[in-house]
Structures are given as structure tokens and as C-alpha cells.
Amino acid sequence: MDKVYIFDTTLRDGEQSPGATMNIDEKLEIARQLARLNVDIIEAGFPIASPGDFEAVNLIAREVGTEDGPVIAGLARANKKDIDRAWEAVRDAAKPRIHTFLATSDIHLKHKLRITREQCVAQVKEMVSYAKSLCDDVEFSPEDAGRSDPEFLYVVLEEAIKAGATTINIPDTVGYTTPWEFGALIKGIIENVPGAKDVVVSVHCHNDLGLATANTLAGLMAGARQAEVTVNGIGERAGNTALEEVVMALYTRREFFDLYTDIDTTQIMRASRMLTAFTGMHVQPNKAIVGANAFAHEAGIHQDGVLKNPLTYEIMRPETIGLGSNELVLGKHSGRHAFRKRLEELGYTDLSDDEINQAFDRFKRLADKKKVVTDEDIEAIIADELYQPREVWKLEHVQIVSGTGTRPTATVVLTGPDGKTYTDADIGTGPVDAIYRAINRVVGVPNVLTEFAVKAVTEGIDAVGEVTIRVQPTNGKSVNGKINPQTGVERKRTFSGHGASTDILVASAKAYMSALNKLLNYRSR
Ligand code: KIV
Ligand code: ZN
């Protein structure tokens with residue numbers, strides 16, 4: 001069996017998707033989780049995009065890019081400034097990589113870059129050589145390869161390999177190709193580009209037609225040996241190829257593909273949930289592998305079959321991806337030991353004693369309210385307790401009066417950065433509006449709420465509610481976002497927040513505090 005290298009670009013291409021902005025601590029946490037997943041390469045960001053992006057890539061290079069850890073890559077357009085910045089950011093990793101790219105399709109050459117094919121080839125030669133003079137491990141991507149003339153692509157790739165590229169990555173940037181075409185493109189490259197057999201050929205697909213995973217697998221069957229993916233398939237527009245789909249397809253159908261990855265599949269759910277908690281981007285319930293319904297058997301006939309023998313309707317075991325089997329249900333009499341064991345089964349093998357104690361206290365409080373605490377509740381507790389920003393302002397208390405015939409009124413008590421407590425109240429069009437207004441009166445950070453979503457973690461009237469929100473600052477100070485490497489467009493920065501509680505108004509208040517604290521932490525950085 002041949003190995004397929006997993007190149008994860010959640011922190012770069014994934015983060016380019018609207019609303020997926022993460023702060024530096026969250027990026028580091030995701031990178032650590034990617035290392036637990038055992039991905040081969042982490043594309044940690046686009047260092048020239050902003051000082052914050054540079055800092056995040058550099059931190060990941062130093063903290064996660066250890067000798068036995070993954071390769072850490074930084075993205076650069078094919079110019080010296082970008083390449084220098086990418087190299088500065090990744091050079092502290094034990095295994096650094098510069099990933100540089102230039103578009104090769106006639107549409108991009110003519111309308112975006114305004115250069116000729118000859119100029120394109122010259123720029124690739126010069127910039128790949130330049131990257132190689134800094135770093136041994138260089139990846140080159142001809143952007144929009146899926147719509148490029150294959151004959152021209154062969155010429156560009158040959159020059160990139162001659163200039164020192166060790167990986168040539170073939171992006172279907174706009175998700176235009178079909179599996180048959182994409183497989184043939186990869187086959188053609190391997191057969192026609194001198195030197196292609198001595199480097200790693202990689203595939204990078206977008207999901208505009210819902211074909212990203214199929215195209216990636218077709219590319220692997222045609223001889224590519226690196227797959228570029230993101231957790232939950234997040235990414236520009238309809239997203240990138242989902243890590244969990246490619247990995248589980250190769251694992252479940254290994255006899256068909258005759259390929260393997262080094263991914264620790266039991267860390268998949270933890271990665272998926274962590275990313276959702278940080279970005280507020282929920283996975284659709286019917287999403288393959290990580291969707292809430294992916295292992296749920298609704299129809300009675302299916303349930304009967306699964307109970308008799310899981311093989312009847314399950315092609316994968318939930319435990320393989322780190323999804324609790326729910327065999328052991330926790331309740332208010334469960335002890336710390338049982339709780340810790342459950343966490344370990346869910347993939348949380350590395351939490352400190354303090355973190356476990358913090359989560360356990362919360363679990364006990366929840367178990368007092370709810371008869372049965374499920375794996376989903378535990379995941380929500382972890383997200384709410386451990387995946388929160390440093391608290392600049394702390395919510396101590398919130399009280400709401402609402403109902404028919406009353407103006408919704410909220411009173412909040414917050415502790416400020418000076419350690420003093422502040423109390424204020426306001427009325428609103430609804431209870432959430434009243435809470436947010438009351439908090440605004442104390443914290444005083446002008447912003448607009450761009451998204452608000454409530455989700456019940458489990459079934460039942462006693463379910464924990466998870467609130468996810470997104471805010472955008474409006475006073476101009478930190479509105480500036482970062483440049484998209486491909487379009488050059490600057491995106492406005494948004495801050496997501498999440499909170500969980502059996503009381504959805506309390507969860508809403510927590511979510512708002514979480515987003516405001518992220519915003520304030522970002523500013524103070
Ligand atoms: O989709 C794309 O073309 C990219 C490149 C930068 C590799 O993300
Ligand atoms: Zn891409």
C-alpha cells in the first residue's frame with residue numbers, strides 16, 4: 001500500500017471562508033489538534049496577510065512544528081516579499097515548507113494577473129528558485145489548474161520542478177472539474193511532466209459542484225500522493241475537500257484504494273467539534289462522517305438491524321472517528337474517575353488536572369438539572385469551559401424579565417479588567433436584545449451582531465442549548481481584516497462567540513461575552 005500525505009489547510013484556505021476567522025490562541029489549539037490527528041503537513045496561514053497571521057504561523061511553527069511533529073507550511077504568492085515573509089514565519093519549525101503559487105489558466109493570466117504565458121513561466125522559475133534558496137521543502141501550485149491548458153501546465157510544472165519544487169500541487173481552484181477530468185489531468189501530469197515521478201504530486205479541490213472529495217480520490221487513484229484538505233470541509237465559497245471524508249474513504253475502502261494515511265481517526269470528532277466551537281460554523285446534520293445524523297438510525301427497521309448486527313447498516317463504527325458509543329451514560333452519581341474515562345474515550349487524552357476539574361464541576365452542576373448527561377453534553381461543556389478566550393470582562397450575573405405585556409428587561413453584573421463589579425440594566429425588543437444592550441452599556445464596544453444561532457445539543461426539554469453569534473466592530477479601529485491571497489480583497493474581521501447552558505438566555509449572554517472578549521483580546525494584542 002502507498003501512503004497518502006495529508007496536508008491540512010484548515011488554518012489557511014479554511015480560514016479564508018467568510019466568518020471562519022480564528023484568533024491566535026484558537027489557531028494554536030487547532031494546530032495542536034491537527035498534530036494529534038497526525039496530519040503530515042499543516043498549512044498554518046498566509047503570513048503576509050496581516051501581522052496577526054504572521055504571528056500565528058510563527059507561533060505554530062515554534063510550538064507544533066517539532067522534530068516529530070508535522071511539516072509547517074506558509075503560503076506565499078509568487079513574489080519575493082510574500083516568500084520572505086512566509087520563510088520568516090515558518091523557519092523556526094523543525095520541518096518548514098514554503099508553498100508558493102501563481103495562476104496558470106488563461107482566464108486568470110489575462111484578467112487577474114495581466115501577464116502572458118511566457119511571463120508566467122519566467123515568474124515561476126524565478127520565484128520557485130528564490131524560495132528554494134531559503135528552504136529545502138518548496139511546494140508550487142498553479143492556481144486554477146483545473147481550467148488551465150494541460151500542455152501549458154506541463155511546461156510550468158516542469159520549470160517548477162527544475163527550479164527545486166519538491167511537491168507540485170494541482171488545485172481545482174473553482175471546483176469546476178469532474179472526477180473523470182481531474183483524474184485524467186493528474187495522470188497526464190505524471191506521464192508528461194519530466195521529473196513529476198520524483199516529486200510528490202498533490203491534489204487540492206474545491207467543492208463548488210459538491211465534487212471535491214470525489215475529485216480528490218480520483219486524483220489519488222491517478223497517482224497523486226498528497227491530499228489537501230480541511231476539517232469539516234470549510235473553505236472559500238462551498239469549501240475545500242473535507243479531511244474526514246478522504247481519510248475515512250481511504251480507511252473504509254482500503255482494499256479498493258490500496259492506499260493508507262497515518263491519521264489517527266479517533267481524533268476526527270474532537271477536531272470537528274473544536275473547529276465548530278471556534279468558528280461558530282456548524283456542520284450540517286447530514287454531513288458525511290461528522291454530521292449529527294451520520295451515525296443515527298432513525299427508521300425502526302434500521303435500528304432493528306443495527307441492534308442485531310451493526311454491519312447491517314453501518315459501514316464504519318462510531319468509535320473509529322472518536323464518537324462515543326453512548327454505552328456508559330453519566331448521571332449525577334458518576335464520579336470524577338468515570339468522567340475522566342469518558343473524556344479519554346472521546347479523544348480528550350491530554351487535558352490537565354485543572355481542566356478536568358473545571359469540566360467536572362460543570363458536569364456536576366448539569367447533572368443536577370438533567371437526569372442523563374450524554375457525550376454531546378460533555379462536548380458542549382468542554383467547548384464552553386475550555387475553548388473560551390481570556391476574560392477581559394466576566395459575566396457574573398444576568399437576570400431577565402420577559403413575557404406578554406412587559407418590556408423585556410435585563411440586568412447584568414460584570415467584573416471589569418480593573419477587578420471592580422459593574423451593574424447595569426436596559427430594555428430591548430426581546431430578551432436577548434435587552435441582555436446585549438445592558439452588556440453594551442457596561443463594556444462600551446460599538447459593534448453589530450451579524451449572526452445569532454441557537455441549537456439544542458440533545459433531544460428533550462431539559463437539553464443544553466448552544467448559542468453561537470458573530471459580531472463586527474463598528475468604530476473602525478479593528479475593522480480591518482486581512483487580504484485574501486487569491487483575490488487580493490480585504491475581508492472585514494468578525495468575532496464569533498459561543499455559550500452553552502440549559503437556559504438559552506444565559507447561553508446568549510455567555511456567547512456575547514465570549515465574542516466581546518475575543519474582540520478586546522485582539523485589540524490589546
Ligand atoms: O484553491 C487554490 O488554488 C489555492 C491555492 C493557493 C493553492 O488555495
Ligand atoms: Zn484553495
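**Q** I'd like a rundown of the overall build of the protein chain, residues and numbers included.
**A** The secondary structure content of the protein chain amounts to 17 helices and 18 strands. Along the first, second and third principal axes, the C-alpha set of the protein chain runs to 75 × 60 × 45 Å. A burial count over the protein chain gives 57% of its 525 residues as buried. Total accessible area computed for the protein chain in this model is approximately 22300 Å², and 51% of it derives from carbon and sulfur atoms.

**Q** Can you tell me about the site of ligand 1, naming the residues and giving the values?
**A** Close to ligand 1 lie Arg12, Asp13, His99, Phe101, Ser141, Glu143, Asn169, Pro171, Thr173, His204, His206 and Gln486, which account for all nearby residues. Arginine 12 is positioned such that a nitrogen or oxygen atom in its side chain is 2.9 Å from an oxygen atom of ligand 1. Contact distances for ligand 1 include 2.6 Å between an oxygen atom and a side-chain N or O atom of threonine 173. The protein chains hide 100% of the 260 Å² of surface that ligand 1 would expose on its own. Among the detected pockets, ligand 1 sits in the largest cavity. Where the shell around ligand 1 is concerned, the elements lending two or more residues are β5 (96-103), β6 (138-143) and β7 (167-172). Class assignment of the residues belonging to the shell around ligand 1 gives a composition of two nonpolar, seven polar and three charged.

**Q** Which residues make up unusual backbone geometry, and what values go with them?
**A** Positive phi, close to 75 degrees, is recorded for asparagine 38, a residue that is not glycine. As for its placement among the helices and strands, asparagine 38 is situated in the loop between α1 (24-37) and β3 (41-45). With phi around 70 degrees, isoleucine 289 is a residue other than glycine that occupies positive phi space. For isoleucine 289, the position within the fold is in the loop between α11 (268-279) and α12 (300-308). Residue isoleucine 289 is classed as buried on the basis of its relative accessible area, which comes to 8%.

**Q** How would you summarise empty space enclosed by the protein if you had to cite specific residues and measurements?
**A** Tallied over the full model, the rule gives three cavities of 30 Å³ or more. Space inside the largest cavity adds up to approximately 110 Å³. Considering the residues around the largest cavity, the lining is formed by 13 residues, among which Arg12, Ser141, Pro171, His204 and Gln486 are closest to the centre. Looking at the lining of the largest cavity, the elements that each hand over two or more residues are β5, β6 and β7. Across the lining of the largest cavity, the residue classes tally to three nonpolar, seven polar and three charged. Of the volumes computed, that of the second largest cavity is approximately 70 Å³. Forming the boundary of the second largest cavity are Thr21, Met22, Asn23, Glu26, Arg493, Thr494, Phe495, Ser496, Lys518 and Tyr522. If you list the elements that add at least two residues to the lining of the second largest cavity, you get β18 (495-501) and α17 (504-524). A breakdown of the residues in the lining of the second largest cavity according to their chemical character gives three nonpolar, four polar and three charged.

**Q** Let's hear about the packing of aromatic side chains: which residues, and what values?
**A** What the rule picks out here adds up to eight aromatic pairs. On the numbers, 5.0 Å between centres and 85 degrees between planes, the contact of phenylalanine 256 with phenylalanine 257 is edge-to-face. With a relative accessible area of 13%, phenylalanine 257 lands in the buried category. Geometrically, the ring pair formed by tryptophan 393 and tyrosine 422 is edge-to-face, given 5.3 Å between the ring centres and 65 degrees between the ring planes. Placement of the pair is tryptophan 393 in the loop between α15 (375-386) and β11 (394-401) and tyrosine 422 in strand β13 (residues 421-427), with a sequence separation of 29 residues. On the basis of relative accessibility, which here comes to 29%, the residue tyrosine 422 falls in the partly exposed class. Three or more aromatic residues joined by ring pairs form one cluster here, namely Phe339, Phe360 and Phe363. Lying over the aromatic face of tyrosine 130, lysine 80 brings its terminal NZ or CZ to 5.0 Å of the ring centre.

**Q** Any chance you could break down α11 for me, citing the residues and the numbers?
**A** The end-to-end C-alpha distance of α11, which contains 12 residues, comes to 17 Å, matching closely the 16 Å that a straight helix rising 1.5 Å per residue would cover. Most of α11 is tucked away, with 11 of its 12 residues classed as buried. Looking only at α11, the buried set comprises Ile268, Met269, Arg270, Ala271, Ser272, Met274, Leu275, Thr276, Ala277, Phe278 and Thr279. Looking at the buried residues of α11, the elements they touch are α1, α9 (243-252), α15, β15 (465-473), β18 and α17. Looking at the residues trailing α11, positive phi occurs at glycine 280, about 75 degrees.

**Q** Just give me the short version of the coordination of the zinc ion (ligand 2), but keep the residues and values in it.
**A** Binding of the zinc ion (ligand 2) to the protein goes through Asp13 (OD), His204 (NE2) and His206 (NE2), at separations of 2.0 to 2.1 Å. Spacing between the donor residues of the zinc ion (ligand 2) along their common chain follows D-x190-H-x1-H. Taken together, the residues span a long stretch of sequence, with aspartate 13 in the loop between β2 (5-8) and α1 and histidine 204 in strand β8 (residues 200-205) at a distance of 191 residues. Classification of histidine 204 as buried rests on a relative accessible area of 5%.

**Q** How would you explain α15 if you had to name every residue and give the values?
**A** For α15, built from 12 residues, the straight-helix expectation of 16 Å at 1.5 Å per residue is met to within 8% by its first-to-last C-alpha distance of 16 Å. Most of α15 sits out of view: 10 of its 12 residues are buried. Residues of α15 that are buried make contact with α11, α13 (336-345), α14 (353-369), β15, β18 and α17.

**Q** Talk me through a nonpolar patch on the surface; I want residue IDs and the actual numbers.
**A** Together, Leu449, Phe452, Val454 and Ile504 line one region of the surface with nonpolar side chains, adding up to about 310 Å² of accessible area. Tallying contributions element by element places strand β14 (residues 447-456) first for the nonpolar patch, with three residues. Assignment of secondary structure puts valine 454 in strand β14.

Criteria and thresholds
- Within every chain, residues take consecutive numbers counted from 1 along the sequence as written.
- Chain letters and ligand numbers both follow the written order, the letters beginning at A and the numbers at 1.
- Thresholds applied to this predicted model are a pLDDT of at least 70 for local features of residues and 80 or more for the giving and counting of side-chain atom pairs; totals over whole chains, interfaces and linings are not thresholded and use all residues.
- Only heavy atoms go into the side-chain values, all of them from the structure, while hydrogens and water stay out.
- In this description a helix means any DSSP run of H or I spanning at least four residues, a strand means any run of E spanning at least two, and both kinds are numbered starting from the N terminus.
- Relative accessibility under 20% of the residue-type maximum defines a buried residue, over 50% an exposed one, and the middle range a partly exposed one, all with a 1.4 Å probe and only protein chains included.
- Only the protein chains shown count as covering a residue, and every accessible area follows the Shrake-Rupley method with a 1.4 Å probe.
- Any residue with a non-hydrogen atom lying within 4 Å of a molecule or strand is treated as near it.
- For the purposes of these results, a polar contact is taken to be a pair of N or O atoms within 3.5 Å, where, inside protein, one atom must be able to donate a hydrogen and its partner to accept one; residues adjacent in sequence count only when each atom of the pair is a side-chain atom.
- A 1.4 Å probe that fits but cannot get out identifies a cavity on a 1 Å grid over protein atoms alone, an open set with protein on both sides within 12 Å along at least five of seven lines counts as a pocket, and a residue lines either if it has an atom within 4 Å of a point.
- A molecule is said to be in a cavity or pocket once over half of its atoms fall within 2 Å of that pocket's grid points.
- Think of it as three bins: nonpolar holds Ala, Val, Leu, Ile, Met, Phe, Trp, Tyr, Cys and Pro, charged holds Asp, Glu, Lys and Arg, and polar takes everything else, Gly as well.
- Grid points are joined across faces, edges and corners, and a volume is the space filled by probe spheres set on the points.
- Only the six-membered ring of Trp is used, alongside the rings of Phe and Tyr, when aromatic pairs are assigned; centres must lie within 6.5 Å, and planes under 30 degrees apart are stacked while those over 60 apart are edge-to-face, with the rest tilted.
- We call a charge positioned over a ring when the NZ of a Lys or the CZ of an Arg lies within 6 Å of the ring centre and within 35 degrees of the ring normal.
- Given a helix with a known number of residues, its expected span is that number minus one, times 1.5 Å.
- Two residues qualify as a contact provided that any one of their heavy atoms is within 4.5 Å of a heavy atom in the partner residue.
- A donor here means an N, O or S atom no more than 2.8 Å from the metal, or no more than 3.2 Å when the metal is Na, K or Ca. Since water is not included, a site may seem to lack partners.
- Nonpolar side chains (Val, Leu, Ile, Met, Phe, Trp, Tyr) within 5 Å and like charges within 9 Å form the patches, drawn only from residues with over 30% relative accessible area and no salt bridge.
- For salt bridges, the criterion is a side-chain nitrogen of Lys or Arg within 4 Å of an Asp or Glu carboxyl oxygen.

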